[in-house]
Amino acid sequence: MLSPYSLDRMFSDTECDQIIRLTQAQDFSDAGLVRGRQNENIRVARITWLDEEGEGAWVFRRVMEVVRDVNRAHFNFALTEFAERAQVALYASDAGGHFDWHSDIGAGTFAQKRKLTLVAQLSEGNAYEDGRLELNGNGQVETADATRGSAILFPSFTLHRVTPVSRGQRYSLTTWVHGPEFT
Ligand SMILES: O=C(O)CCC(=O)C(=O)O
Ligand SMILES: [Fe+2]
């Protein structure tokens, strides 16, 4: 199926804290777009990456389990690999954090093989306002559950955006799963 699939609780509160803490030791850099283009009109966020190995390995393992189960139960896509690290993004109201409508499939080496996108909500609801993940897969805008620890999976070609954060900061975790291009 091509419709998005939501999970109420992919991570516990403690796990969300742990993921955020893992990234605090790293440098966040300004987010680029596919092919490294930067365009402030489209995206303002700071991002960092989690490796498959090391302290963040458990995050990757969880992502793999969830993707395997949800793909079997719902999408049934041909998936072959996790070719990219997991992205933690930080959208801050003072910087005008947001991400305009886009698809995750692009011309880059990895971006062209993206099949499934998984986004998990890492911040508590009272940490920020707005900053909603919205999807438009079929002409109707659907707002993803913003509850901390929840997640949504969708085909990477689905148009989606993050509305501007109007107060505070929002953290999210995004991973992509790859395979033969959609034809
Ligand atoms: O932060 C989010 O909720 C979505 C991130 C996203 O769409 C992306 O990194 O491509
Ligand atoms: Fe995206």
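Just so you know, these numbers come straight off a predicted model, no measurement behind them. (Residues numbered from 1 in each chain as written. Chains lettered and ligands numbered in written order. Predicted model: local features only at pLDDT ≥ 70, side-chain atom pairs only at ≥ 80, totals over all residues.)

How do you make sense of the overall build of the protein when you look at a structure like this?
Per the secondary structure count, the protein includes two helices and 13 strands. Against the compact-globule benchmark of 16 Å for 183 residues, the protein has a radius of gyration of 15 Å, which places it among compact chains. Based on the C-alpha atoms only, the size of the protein along its principal axes is roughly 40 × 35 × 30 Å. Going through the 183 residues of the protein one by one, you find that 32% of them count as buried. Counted over contacts in the protein with a minimum sequence separation of 6, partners at least 24 positions apart contribute 82%. (Helix = DSSP H or I, 4+ residues; strand = E, 2+ residues; numbered from the N terminus. Rg over C-alpha atoms; globule rule 2.2 N^0.38 Å. Buried ≥ 20, exposed ≤ 12 C-beta atoms within 10 Å, placed from the backbone. Contact = placed C-beta atoms within 7 Å.)

How should the sheet that holds strand β12 (residues 159-162) be read in this particular structure?
Adjacent strands of a sheet pair through backbone hydrogen bonds, lying either parallel or antiparallel. Reading across from one edge, β3-β6-β12-β9-β10 is the order of the five strands in this open sheet, with antiparallel pairing throughout. Taken across any chain shown, the strands that pair with only one partner, and hence form the sheet edges, are β3 (43-44) and β10 (141-143). (Pairing = 2+ DSSP bridges.)

What's the story with the site of ligand 1 in this structure? I'm lost.
Surveying the vicinity of ligand 1 reveals the residues Gln87, Ala89, Phe99, Asp104, Val119, Leu133, His160, Val162, Ser172 and Thr174. Breaking the shell around ligand 1 down by element, the ones donating at least two residues are β5 (86-92), β12 and β13 (165-178). Here the residues of the shell around ligand 1 sort into five nonpolar, four polar and one charged. (Near = placed C-beta within 6 Å. Nonpolar A, V, L, I, M, F, W, Y, C, P; charged D, E, K, R; others polar.)

Is there a simple way to explain the UniProt feature "domain: Fe2OG dioxygenase" (unreviewed entry) in the protein in this structure?
UniProt marks residues 82-179 with the feature "domain: Fe2OG dioxygenase" (unreviewed entry), using the numbering shown here. Annotated as residues 82-179, this span is 0% helix and 54% strand, and its ends, taken at the C-alpha atoms, are 9 Å apart. (UniProt positions renumbered as here; feature names shortened; annotations may be inferred.)

Any chance you could explain the pairing of strand β9 (residues 133-136) here in plain terms?
Side chains Leu133 and Leu135 of β9 all project onto a buried face; the interleaved residues Glu134 and Asn136 project onto a face where none is buried. Relative to β12, β9 runs antiparallel, the two sharing four bridges. Residue pairing across strands places Asn136 opposite Leu159, the latter belonging to β12. As paired strands, β9 and β10 are joined by three bridges and run antiparallel to one another. Each bridged residue has a counterpart across the sheet, and for Glu134 the counterpart in β10 is Thr143. Between β9 and β10, which pair antiparallel one after the other, the connecting turn spans four residues, and Gly139 there sits at a positive phi close to 90 degrees.

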